[in-house]
Amino acid sequence: MKKYSDLEYLKLPKFKRFLYTVLCFFVGIPGGILAFLKKIGAGIVGFFVGIKDEFVDIGTTFANGDWKTKISFFIMGFGSIARGQILRGLLFFLFEVAFIVYMIFAGGYWLSMLPSLGHRGPEVVYDPIYDAYVTKYFDNSFKILLYGVLTLFFIIALIYTWRLNIKQNKISEQILRSGKKLKSGKDDLRSLVDDQFHKTLLALPLTGIIVFTMMPIIFMILVAFTNYDGAHNGYSNNLFTWVGLDNFNSLLSWSKGDVSYAATFGEVLTWTLIWAFFATFTNYFLGMLVAMMINKKGIRIKKFWRTCLVFTIAVPQFISLLYVSKMFAQNGLINGFLKNMGLIEKALPFWTDPTWARITVIIINIWIGIPYLMLIATGILMNIPKDLYESAKVDGAGPVMQYTKITLPYMLFVTGPYLLTSFTSNMNNFNVIYLLTGGAPTSTLPSPGGNLGETDLLITWLFKLTTFEEAKYYMASVIGILVFVVVALISLVVYNLLPSTKNEEDFQ
């Protein structure tokens, strides 16, 4: 492909300039992927180099440290206590004691059962007290997996704390050798509300993120490698076990011998991306257009028009979308009105024909999404310097040129990150699809469970997989992982193309 200089590029006609830009983008994709892979490789190499450096530092600390430091390798906090830092040493010591007690009475059991996820499921046994056969429960696969993950996190926390304990001993030795005095317990407490106050504030949120975000994510990922479903719930029915990559093969492989849902996943993913694209950009540009029309000089009662649009936000979607769904039904208000007016003879297939249903949900989503963008765009439009428009008029620029050269670049710069998050949220937009159509009409593609519909997104398909009698939790987990991969890749690529991440000085 011929590369143009900046001057040659500016001399090209607009259409050729656009084609050249698009071509450069696609030609640059392999190089971008290669650069990304190189960064990953460099990150992996850096990780192992860092691990090596840590081991070298640990060995050096043990070899050159005094007896207090050496004992601290086995009894955490001993060095700090021996050097007078009682509070700090006690915290290290108590954490180690808590870990040992937990591992003896619970953690060791959960960790030992994690490879098998249980050996003995529920059994029907004779109870002589009641003189009847009763179900007796033994291992619980769900608890084993959950507490096994918790135990692994506890072990990681111990390793991090132990390393922190070693570093603290090394630093304390260096301070004492330099002739300075170590911090006392009062100094430590004072620092927590002074120079280390940011760590104090972040401690609780960080703990919450680890417990309520990271652990559930790890648990969900692990479920994808099991056969956890309604028939194998791990306790009241049968135990579930590890199945390796079988679930991924079932969803992604095209082999004829096994059950494959690759075509189904591809169809739903394609529709999800189409939906997200139109749901994002139709709302974005139409919302911007409405804001520009309302803000235009000469428009009266602007507050009234904005209030009318905001009503769609004020009314809960659970009410408005269910009502609109009934309006577009076969015997709904829309079809009834068109028949009475003599415009149609038979009801329009808004929810029964796949193409009609998909177009209808996109149009209805415009009605829901425009008010949000209108409010956002209104604030941005009011902050664009009026001098730019006046200068453009003097230079002979018309409304279209002013929009493409002034309004749109400012909007994209300010709302670029929002546009990306809006696309991501639309990929996971459960409310609009589920409340309007419930996924209807029914699809003919095979599904692991639930009634897959032509308008189902990946998120609504995932919901259906987990809410019927023999819920396929493992398949829902696989879909969740793949959704994350798709969204992450799109987000990384688009984020690097946004004006908000470059040329910031142009909008200062």
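Note that the coordinates shown come from a computational prediction; the quantities given were computed from them, not determined experimentally. (Residues numbered from 1 in each chain as written. Predicted model: local features only at pLDDT ≥ 70, side-chain atom pairs only at ≥ 80, totals over all residues. Heavy atoms only, no water.)

Describing the overall build of the protein chain
When you go through the protein chain residue by residue, the secondary structure sums to 19 helices and two strands. At 31 Å, the protein chain has a C-alpha radius of gyration far larger than the 23 Å of a compact globule built from 508 residues. Projected onto its principal axes, the C-alpha coordinates of the protein chain cover approximately 90 × 80 × 55 Å. Counting every position in the protein chain, which comprises 508 residues, the buried fraction comes to 35%. Once local pairs closer than 6 in sequence are excluded, the contacts in the protein chain between residues at least 24 apart make up 62%. With 43 positive and 32 negative side-chain charges, the protein chain shows a separation of 10 Å between the mean positions of the two kinds. (Helix = DSSP H or I, 4+ residues; strand = E, 2+ residues; numbered from the N terminus. Rg over C-alpha atoms; globule rule 2.2 N^0.38 Å. Buried < 20%, exposed > 50% of the residue type's maximum accessible area, 1.4 Å probe, protein only. Contact = heavy atoms within 4.5 Å. Lys, Arg positive; Asp, Glu negative; His and termini not counted. Charge placed at Lys NZ, Arg CZ, Asp CG, Glu CD.)

Observations regarding the layout of surface pockets
When its volume is computed, the largest pocket comes out at roughly 1,600 Å³. As for the largest pocket, its lining consists of 35 residues, and the residues nearest its centre are Phe92, Tyr160, Leu164, Leu192 and Lys199. The set of elements that each furnish at least two residues to the lining of the largest pocket consists of helix H5 (86–113), helix H6 (141–177), helix H7 (185–192) and helix H8 (197–223). Element by element, the count of residues in the lining of the largest pocket is highest for H6, at 13 residues. By residue class, the composition of the lining of the largest pocket is 21 nonpolar, eight polar and six charged. (1 Å grid on protein atoms, 1.4 Å probe; cavity = no way out; pocket = protein on both sides within 12 Å on 5 of 7 lines; lining within 4 Å. Points joined across faces, edges and corners; volume = space filled by probe spheres on them. Nonpolar A, V, L, I, M, F, W, Y, C, P; charged D, E, K, R; others polar.)

Brief notes about the nonpolar core
Counting residues in each nonpolar core, the largest one holds 24 residues, and the members touching the most others are Leu251, Phe265, Leu458, Trp461, Met475 and Ile479. The set of elements that each furnish at least two residues to this core consists of helix H9 (246–252), helix H10 (262–295), helix H16 (399–427), helix H18 (458–465) and helix H19 (473–497). Looking at this core, the element that brings in the most residues is H19, giving 10 residues. Core analysis: the next-biggest nonpolar cluster, separate from the first, contains 22 residues, Leu348, Phe350, Trp351 and Ile364 among them. (Core = buried A, V, L, I, M, F, W, Y, C linked by side-chain atoms within 4.5 Å.)

Concerning H5
Spanning 28 residues, H5 covers 38 Å between terminal C-alpha atoms, matching the ideal 40 Å at 1.5 Å per step. The axis of H5 is deflected most strongly, by about 65 degrees, at Met103. When we look at burial in H5, the residues that qualify are Arg88, Gly89, Phe92, Glu96, Phe99, Tyr102, Met103, Gly107, Trp110 and Met113. Elements that come into contact with the buried residues of H5 comprise helix H4 (78–82), H6 and H7. (Expected span 1.5 Å × (residues − 1). Bend = angle between axes of the 7 residues up to and from the residue.)

Considerations on the confidence of the model for the protein chain
Across the protein chain, pLDDT averages 87, with 94% of residues at or above 70. Considering each helix and strand of the protein chain separately, the mean pLDDT is smallest for helix H1 (residues 6–11), with a value of 70, and largest for H5, with 95. (pLDDT = per-residue confidence, 0-100.)

Observations regarding the packing of helix H12 (residues 317–327) against helix H14 (residues 354–382)
Packing of H12 against H14 brings their axes to within 12 Å, and their N-to-C directions diverge by 150 degrees. When the axis of H12 is compared with that of H14, the two are roughly antiparallel. Viewed along their axes, H12 and H14 form a crossing whose handedness is right-handed. Listed contacts from H14 to Gln317, Ser320, Leu321 and Val324 of H12 are Ile364, Trp367 and Ile368. Residue classes in the contact of H12 with H14 are distributed as five nonpolar, two polar and no charged. (Axes fitted to C-alpha atoms, helices over the stretch in contact; angles between N-to-C directions. Parallel < 35°, antiparallel > 145°, perpendicular 65-115°, else oblique. Left-handed = near helix turned anticlockwise from the far one by under 90°.)

As for empty space enclosed by the protein
Applying the stated criterion to the full structure yields one cavity of 30 Å³ or more. Its volume calculated, the largest cavity comes out at about 50 Å³. Around the largest cavity, the lining residues are Glu267, Val268, Trp271, Arg358, Ser443, Leu445, Leu452, Gly453, Glu454 and Asp456. Sorting elements by how many residues they give to the lining of the largest cavity places H10 first, with three residues. For the lining of the largest cavity, the class distribution of residues is four nonpolar, two polar and four charged.

Notes on the packing of aromatic side chains
In total, this model carries 28 aromatic pairs according to the counting rule given. A centroid spacing of 5.3 Å and a plane angle of 80 degrees characterise the contact between Tyr434 and Phe463, whose relative ring orientation is edge-to-face. With Tyr434 in helix H17 (residues 430–436) and Phe463 in helix H18, the pair connects residues that are 29 residues apart, well separated along the chain. Look at Phe463 and you get partly exposed, because its relative accessible area is 29%. One aromatic cluster in this structure is built from Phe142, Phe219, Tyr228, Phe240 and Tyr473. Geometry around Phe62 places Lys70 over its ring, the cationic atom sitting 5.5 Å from the centre. When the ring centre of Phe138 is taken as reference, the NZ or CZ atom of Arg120 above it lies at 3.7 Å. (Phe/Tyr/Trp six-rings, centres within 6.5 Å; stacked < 30°, edge-to-face > 60°. Lys NZ or Arg CZ within 6 Å of the ring centre and 35° of its normal.)

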